[in-house]
Amino acid sequence: MAATGSEQQGGKAYYVTTPIYYVNDAPHLGHAYTTVAGDVLTRWHRQRGERVWFLTGTDEHGQKIMRSADAHGVSPQEWCDQLVEGAWKPLWEHLEIGNNDFIRTTQKRHTDRVQEFVQDLYDKGEIYKGGYEGPYCVGCEEYKLPGELLDGEGEFAGQKLCAIHKKPVEILSEENYFFRLSAYGERLLAHYEADPDFIQPESARNEVLNFVRQGLQDLSISRSTFDWGIPIPWDAKHVIYVWVDALLNYATAVGYNENQEKFESTFPADVHLVGKDILRFHAVIWPAMLMAQGLPLPGRVAANGWLMVGGEKMSKSNLTGIKPQDLTSHFGVDAYRWYFLRAIAFGQDGSFSWEDFTARYTSELANDYGNLASRVAAMVGKYFDGALPAATADSEAEKAVHEGLATAVREADRKIGDQLDFQGGILAVFDFVKQVNGYITEQEPWKVAKDTSDEGLARLATILYTAAESLRAVAVLLHPVMPETSRKLWESLGAEESLGALDDQLVQEAGGWGRLPAGTKVTKGAVLFPRLEEKPTA
Ligand code: MSP
């Protein structure tokens, strides 16, 4: 865990969560997409000097997990332990995810608090016993409304299918406990109205508004046909519905009913990042649960779109065999973190293609960014023995670069830090990289170097200082997205000695011109984005 800056100040932490993922199998590209987005967002806020809390974890109860454990002939707990330790945590480490905590819903710190929460609601009269029969999708762990189902074809002819999983639903008939969700419709609508940014993007907000306006049904919050879950405290024949159990992780992981100080300085989340498939749980059920308990609501529920394969949501069954590690071993971890946020507008669906990744890697990372860094270091080495010269008089061309940087910082900060527009923010920085490349092409330092007069030397110094100082800022701005690359660049610019650790550089100050002092030792470091090998054959 690479968390920094989190223990520094008082006040409420900037708290971001990912969904806690089902551990019925190893993580795939879709899971990594949301987690990387959360990591970039929280690194950005750390780099603003804020105290940050970034939570991820795993959702380990319910029928879906139980069935996959059964299929592998091990107990559900063993199955979860194997996957969490053997696949999930290692992937997050590999991708340099700097989460502050990792919650598992089978941990006692979670299960005890969930029981208390549910008992409390029961005592308040928010939960009652009733019966329900309806179509249930185990993939979603959710009862469906008849209107949401598709008619099966082929092997599923005559059956009703879940629209997300394209698998037949099961008709469940149970006597269980219900939460009075229907009582919260008006209050939820009033909240969406009062806080238009609560659900993002707009399309997600509209979907939720339409859904709630149709009227909410009470929610079945217990199951009695299987036992892999947290027992209902007053009736142990039932386990708590996996979604109620799971949503509560956002509270139990930060000290709910256990560590008041931590809870108050962290909860509620500023941003819940979720895939659009689980939007309703987060934008309807979760806030209603909090209202029922008199707890504060999260700042924002931000839904990301789906990574698609062949026109379908990417899932374990249609992944065509590409694992995150297959991509990182070819393109590198940093390029992987960058690519999905760069290529897809956050909130929209997007497809992955090996060709698109290769083309963008080559033109944007290797040619635009990587070459700029190596050319500048090489020229400072060649013309000034690696000692960064001081800029003398700035001409209009330099002033344009200073302004370009100020714009890039402002745009990136607003877009990534506030709007979760990762693509827009990354583009703002890369536009600046392009501008600096254009500046060098126009200024032709290699020609200026032939002029050995004092004037020529001063001009050359100004050009190379301007380029190196621009790279100093780019290293800071791209650090949340591509941490390793920025570390390499920081080192090659000799910035650590004069400016201190990269982690401590504030985004707000990145645009201040002239931070890198003259005399700094610039070295030609490792190539930032090596030429790609041939595409591996499957
Ligand atoms: N366990 C629940 C979440 C409980 S949160 C209190 C769950 N888990 S899941 O393993 O199915 O993961 C869902 C999340 O993974 C999605 O909401 C999304 O964030 C991410 N993705 C899974 N597949 C995805 C794509 N194909 N594309 C983008 N994100 C995807 O639901």
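Rules and cut-offs
- Residues numbered from 1 in each chain as written.
- Predicted model: local features only at pLDDT ≥ 70, side-chain atom pairs only at ≥ 80, totals over all residues.
- Heavy atoms only, no water.
- Near = heavy atom within 4 Å.
- Polar contact = N/O pair within 3.5 Å; in protein donor to acceptor, adjacent residues only side chain to side chain.
- Areas by Shrake-Rupley, 256 points an atom, 1.4 Å probe, with all protein chains shown as cover.
- Helix = DSSP H or I, 4+ residues; strand = E, 2+ residues; numbered from the N terminus.
- Nonpolar A, V, L, I, M, F, W, Y, C, P; charged D, E, K, R; others polar.
- Pairing = 2+ DSSP bridges.
- Contact = heavy atoms within 4.5 Å.
- Axes fitted to C-alpha atoms, helices over the stretch in contact; angles between N-to-C directions.
- Salt bridge = Lys/Arg side-chain N within 4 Å of Asp/Glu carboxyl O.
- Buried < 20%, exposed > 50% of the residue type's maximum accessible area, 1.4 Å probe, protein only.
- Lys, Arg positive; Asp, Glu negative; His and termini not counted.

Now for the site of the ligand. Taken together, 26 residues lie around the ligand, and I20, T34, D59, L307 and M314 are the ones closest in. Contact distances for the ligand include 3.4 Å between an oxygen atom and a side-chain N or O atom of H31. Contact with the protein chains hides 96% of the accessible area of the ligand, taken as 660 Å² for the molecule alone. Secondary-structure elements contributing two or more residues to the shell around the ligand are β1 (14-22), α1 (29-47), α7 (242-247), α8 (249-252) and β14 (271-275). Of the residues in the shell around the ligand, the class split is 14 nonpolar, nine polar and three charged.

Looking now at the sheet that holds β1. Within a beta sheet, neighbouring strands are joined by backbone hydrogen bonds and run either parallel or antiparallel to one another. On the basis of which strands lie adjacent, the open sheet formed by six strands has the order β3-β2-β1-β14-β15-β9 and parallel pairing. Edge positions in the open sheet fall to β3 (101-104) and β9 (199-200), since each of these has one partner strand only. The pairing of β9 with strand β15 (residues 300-304) spans two bridges and is parallel. Of the residues in β15, the one forming a bridge with Q200 is A302. Helix α3 (residues 76-94) rests against β1, β2 (52-59) and β3 of the sheet, and its axis sits at about 160 degrees to β3.

What follows concerns the pattern of salt bridges. One pass over the structure, following the stated rule, counts 38 salt bridges. One salt bridge in this structure joins R43 and E96, with 3.9 Å as the shortest N-O distance. Note that R43 is positioned in helix α1 and E96 in the loop between α3 and β3, a separation of 53 residues in sequence. For R43, a relative accessible area of 9% gives the class buried. Note that R104 and E60 form a salt bridge whose closest N and O atoms lie 2.6 Å from each other. Of the two residues, R104 sits in strand β3 while E60 sits in the loop between β2 and α2 (63-71), which places them 44 residues apart along the sequence.

Quick look at the sheet that holds strand β13 (residues 235-240) now. Taken in spatial order, the three strands line up as β11-β13-β12 in an open sheet, and their pairing is antiparallel. Edge positions in the sheet fall to β11 (222-223) and β12 (231-232), since each of these pairs with one other strand and no more. Bridge count between β12 and β13: two bridges; the pairing is antiparallel. Looking at β13, one finds that I232 is bridged to D235.

Right, let's talk about the side chain of R300 for a bit. Here R300 is to be found in strand β15. Buried R300, no salt bridge; nearest opposite-charge side chain is D418, N-O distance 6.3 Å. Contacts of R300, omitting those with residues within four sequence positions, involve D197, F198, Q200, D270, V271, H272, D418, Q419 and L420.

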